[in-house]
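Below are the chains, spelled out letter by letter.
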Amino acid sequence: MVAEKPSPKRIDPAFKNLVLKEEGGDHLLRCYACGTCSGGCPVAELEATFRPHEIIRMSIFGFKDELLSSNVIWLCSFCYNCYERCPRDVKPAMVIRALRNIAARQGYVPNGIKMIAESVYKIGRVTEITDFENEARADLGLPAVEPVDIEKMKKVLKKAGLEKVLPKEE
Amino acid sequence: MEYAYFLGCTIPFRLNHYDLSTRKVAQALGIKLVDIPGASCCGLQIESVLYNGWLASSAYNICKAEEMGLDMVVLCNGCHTSLIKANKTLKDKKHLRDEINEILKTVDLEFKGKIEIKHFVTMLVQDYGIDKIKNKIKKQFDGLNVGAHDGCHFLKPSDYIRFDDPEMPKHLDELIELTGAKSVKYKDRLRCCGGPLLSVNEDLATKLAREKLANFKEAGVNCIITICPFCNIMYDSQQLKIKEVHGETYDIPSLLYPQLLGLSLGVDSAELGLDQNAVPTDSVLEFLK
Ligand code: SF4
Ligand code: SF4
């Protein structure tokens, strides 16, 4: 967790290069630590362990393990306040997304998100629309929701690499 | 006017009244909504674990609308931000377009960048026009004070969405007020509903919703208006859960915008699914003259 003090050997100064290469992480080094992002963050206001400017600092310094294995990077609600307001266009929310993508490749994904990703892979949707749901729709005079062409969708998601960030089974 | 109509995952699963009221409003206004056959998840829910997976999922659905030759209309703020971001990213960045088209080739699809994507609300303002809606109003609300919640992903990221002012939005108020209702000021209107956190940390998500509900109550609103299934769930069905778990009673009906507009256009309340909202909505009808 973030609260723990990392020992110097757990710091990886090259970590920032990984973040910079990730989509949306490319403005990381622009940050001048003004704290505007944390000041307008609805999650930071309620959750003491979550401060976007700290996440940015830790990424620059290379607190890799602390960031990737911690639950903190998953607490952002993607409200985009920081993205809109950062005076240096760091796009903190997108840096957080970059960190999550890196964390996912290393096997760190919270269960709730893992389950959602699995159902998107298996049924092409977050929630399955069965006959039951379609009957409820018919009662209201709404057309049935057609099933996703799951073979096609799976091909797309497989080629994009989704299997690699999901636990192995099938 | 004709649009490809993208429902997303959550609406047909838990919020059919949003879909129903939207179709009734579209019908009353003479707008044709065509369902997109075989549409999948917009991909937003996997953006956090795999950027390319999100982009490819959004592109998959955009391609379907491109094949229909129609601009796309969405109801969910999540789908909205996801599809608009993907559409613009793929139009602007050739290397990503090439990468995603390489993926889509496996299923004989190609992103061409031919269509626009809009929220139903944006379409009403930009394409249909407030004045034209005004001409079709049959009944006005009298004395109904409304708390409008735009939702983060209706407004932001504003460099992609480019519709309303992300710090001082006004379009939803305009739409609310043409029904005769008053969109009242309340504390922290732009604050997140908590919805995106529901699957990761329900406690934190609920804290955000409770704060908003307290602000609505303090402002004395007669009802809340949302334009997103997640925001609606946080203020409607979660409102009942909050009552049960935390003993806080708000009793504020939470309507989807098309339900409000539909009433004003003279659509029968039974046809707008008002009996499907979690918090009873009868009190709202009493303001309809
Ligand atoms: S607002 Fe921008 S510059 Fe300021 S601390 Fe946050 S990321 Fe850094
Ligand atoms: S996008 Fe995330 S980090 Fe940025 S202000 Fe919103 S909740 Fe905070």
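Residues numbered from 1 in each chain as written. Chains lettered and ligands numbered in written order. Predicted model: local features only at pLDDT ≥ 70, side-chain atom pairs only at ≥ 80, totals over all residues. Heavy atoms only, no water.

Our focus in this paragraph is the overall build of chain A. A count of helices and strands for chain A gives 10 helices and zero strands. N-terminal to C-terminal, the α/β element order of chain A is α-α-α-α-α-α-α-α-α-α. Its C-alpha atoms give chain A a radius of gyration of 19 Å, clearly above 15 Å, the size a compact globule of 170 residues would have. Counting across all 170 residues of chain A, residues that qualify as buried make up 50%. Contacts spanning at least 24 positions in sequence make up 71% of the contacts within chain A whose residues lie at least 6 apart. If you sum the accessible surface of chain A, you get close to 8,300 Å²; carbon and sulfur atoms cover 53% of it. Treating the 26 positive side-chain charges of chain A as one cloud and the 24 negative ones as another, the clouds have centres 9 Å apart. (Helix = DSSP H or I, 4+ residues; strand = E, 2+ residues; numbered from the N terminus. Rg over C-alpha atoms; globule rule 2.2 N^0.38 Å. Buried < 20%, exposed > 50% of the residue type's maximum accessible area, 1.4 Å probe, protein only. Contact = heavy atoms within 4.5 Å. Areas by Shrake-Rupley, 256 points an atom, 1.4 Å probe, with all protein chains shown as cover. Lys, Arg positive; Asp, Glu negative; His and termini not counted. Charge placed at Lys NZ, Arg CZ, Asp CG, Glu CD.)

All names here are of chain B. By the definition in use, this model includes seven aromatic pairs over all chains. Plain terms: the ring middles of Phe154 and Phe163 are 5.9 Å apart, the flat faces sit at 75 degrees to each other, and that makes the pair edge-to-face. Take Phe163: its relative accessible area is 17%, and that puts it in the buried class. With centroids separated by 4.5 Å and ring planes inclined at 40 degrees, the aromatic side chains of Tyr186 and Phe216 adopt a geometry described as tilted. Taken together, the positions of Tyr186 in the loop between strand S6 (182–183) and helix H11 (202–218) and Phe216 in helix H11 put the pair 30 residues apart, joining distant regions of the chain. (Phe/Tyr/Trp six-rings, centres within 6.5 Å; stacked < 30°, edge-to-face > 60°.)

All buried positions along helix H9 (residues 131–139) of chain A are accounted for by Glu133, Asn134 and Arg137 of chain A. An end-on view of H9 of chain A places all buried positions within 95 degrees of arc, on one side of the element. Structural note: H9 of chain A exposes Asp131, Phe132, Glu135 and Asp139 of chain A on the side pointing more than 90 degrees away from its buried face. Contacts made by the buried residues of H9 of chain A are with helix H1 (10–14) and helix H2 (16–29) of chain B. Phi turns positive, to about 80 degrees, at Gly141 of chain A, one or two residues after H9 of chain A. (Arc of directions from axis to C-beta.)

The next point concerns the domain arrangement of chain B. Residue and element names in this part refer to chain B. Under the domain assignment used here, chain B contains domain 1 (2–121) and domain 2 (130–285). Of the residues lining the interface, 27 residues belong to domain 1; the matching set on domain 2 comes to 34 residues. Carbon and sulfur atoms supply 73% of the area buried between domain 1 and domain 2, which totals about 2,700 Å² over both sides. By the criterion of area lost to domain 2, the three top residues of domain 1 are His17, Asn77 and Val121, representing 24% of everything that side buries. (Domains from an automatic or database assignment. Buried area = accessible area lost by both parts, 1.4 Å probe.)

This paragraph deals with the site of ligand 2. Residues and elements named next belong to chain A. Taken together, 13 residues lie around ligand 2, and Cys41, Cys76, Cys79, Tyr80 and Cys82 are the ones closest in. Those elements that provide at least two residues to the shell around ligand 2 are helix H6 (81–85) and helix H7 (92–105). Of the residues contributing to the shell around ligand 2, the split by class is 11 nonpolar, two polar and no charged. (Near = heavy atom within 4 Å. Nonpolar A, V, L, I, M, F, W, Y, C, P; charged D, E, K, R; others polar.)

Residues and elements named next belong to chain B. Strand order in the open sheet formed by four strands is S2-S1-S3-S4, with parallel pairing between adjacent strands. A single partner strand is all that each edge strand has here, and the edge strands are strand S2 (32–35) and strand S4 (117–119). Strand-to-strand, the axes of this sheet are offset by a mean angle of 40 degrees, without reference to chain direction. (Pairing = 2+ DSSP bridges. Axes fitted to C-alpha atoms, helices over the stretch in contact; angles between N-to-C directions.)

Turning next to the interface of chain A and chain B. With 57 residues of chain A at the interface, the matching set in chain B holds 59 residues. Carbon and sulfur atoms supply 63% of the area that chain A and chain B bury against each other, a total of about 4,900 Å² over both sides. Between Arg137 of chain A and Asp19 of chain B there is a salt bridge, and its shortest N-O distance comes to 2.9 Å. On the surface where chain A and chain B come into contact, there are 20 residue pairs in polar contact (both at pLDDT 80 or more). Of all the elements in the fold, those that place two or more residues in the side of chain A that touches chain B are helix H3 (42–46), H6, H7, helix H8 (111–123), H9 and helix H10 (150–160) of chain A. (Salt bridge = Lys/Arg side-chain N within 4 Å of Asp/Glu carboxyl O. Polar contact = N/O pair within 3.5 Å; in protein donor to acceptor, adjacent residues only side chain to side chain.)

Attention shifts here to the pattern of salt bridges. Residue and element names in this part refer to chain B. Throughout the structure, instances matching the rule amount to 25 salt bridges over all chains. The partner of Asp35 in a salt bridge is Arg23, with the nearest N and O atoms 2.9 Å apart. On the criterion of sequence distance, the pair formed by Asp35 in strand S2 and Arg23 in helix H2 is long-range, its members being 12 residues apart. In this structure Arg23 comes out as buried when scored by relative accessible area, which is 17%. Glu116 is the salt-bridge partner of Lys91, the closest N and O atoms lying 3.3 Å from each other. With Lys91 in helix H4 (residues 77–92) and Glu116 in the loop between helix H5 (94–104) and S4, the pair connects residues that are 25 residues apart, well separated along the chain.

What follows deals with the confidence of the model for chain B. Overall, the predicted model of chain B reaches an average pLDDT of 97, with 100% of residues at or above 70. Interface scoring of the predicted complex returns ipTM 0.95; its pTM is 0.96. (pLDDT = per-residue confidence, 0-100.)

Further remarks concern the environment of Val43 of chain A. As for its placement among the helices and strands, Val43 of chain A is situated in helix H3. Beyond its immediate sequence surroundings of up to four residues, Val43 of chain A is in contact with Phe50, Leu75 and Ser77 of chain A together with Leu197 and Leu204 of chain B.

All names here are of chain B. Topologically, Ser58 is positioned in helix H3 (residues 51–68). Within polar-contact distance, the side chain of Ser58 engages the backbone oxygen of Cys42 at 2.8 Å. Not counting chain neighbours up to four residues away, the residues in contact with Ser58 comprise Cys42, Ser82, Leu83 and Ala86.

Our focus in this paragraph is the nonpolar core. Ranked by size, the top nonpolar core spans 162 residues in total, and within it Phe50 of chain A together with Val49, Met72, Leu124 and Tyr257 of chain B carry the most contacts. If near-sequence neighbours (up to four positions away) are discounted, Tyr257 of chain B is found in contact with Val121, Leu124, Leu172, Leu175, Ile176, Leu178, Thr179, Ile225, Thr226 and Ile227 of chain B. (Core = buried A, V, L, I, M, F, W, Y, C linked by side-chain atoms within 4.5 Å.)

As a further point, take the side chain of Ser48 of chain B. Positionally, Ser48 of chain B belongs in the loop between S2 and H3. On the basis of relative accessible area, Ser48 of chain B is assigned to the buried category, the value being 8%. Those residues within four positions of Ser48 of chain B in sequence are excluded, and the remaining contacts are Trp74, Phe78, Arg97, Arg100 and Asn101 of chain A.

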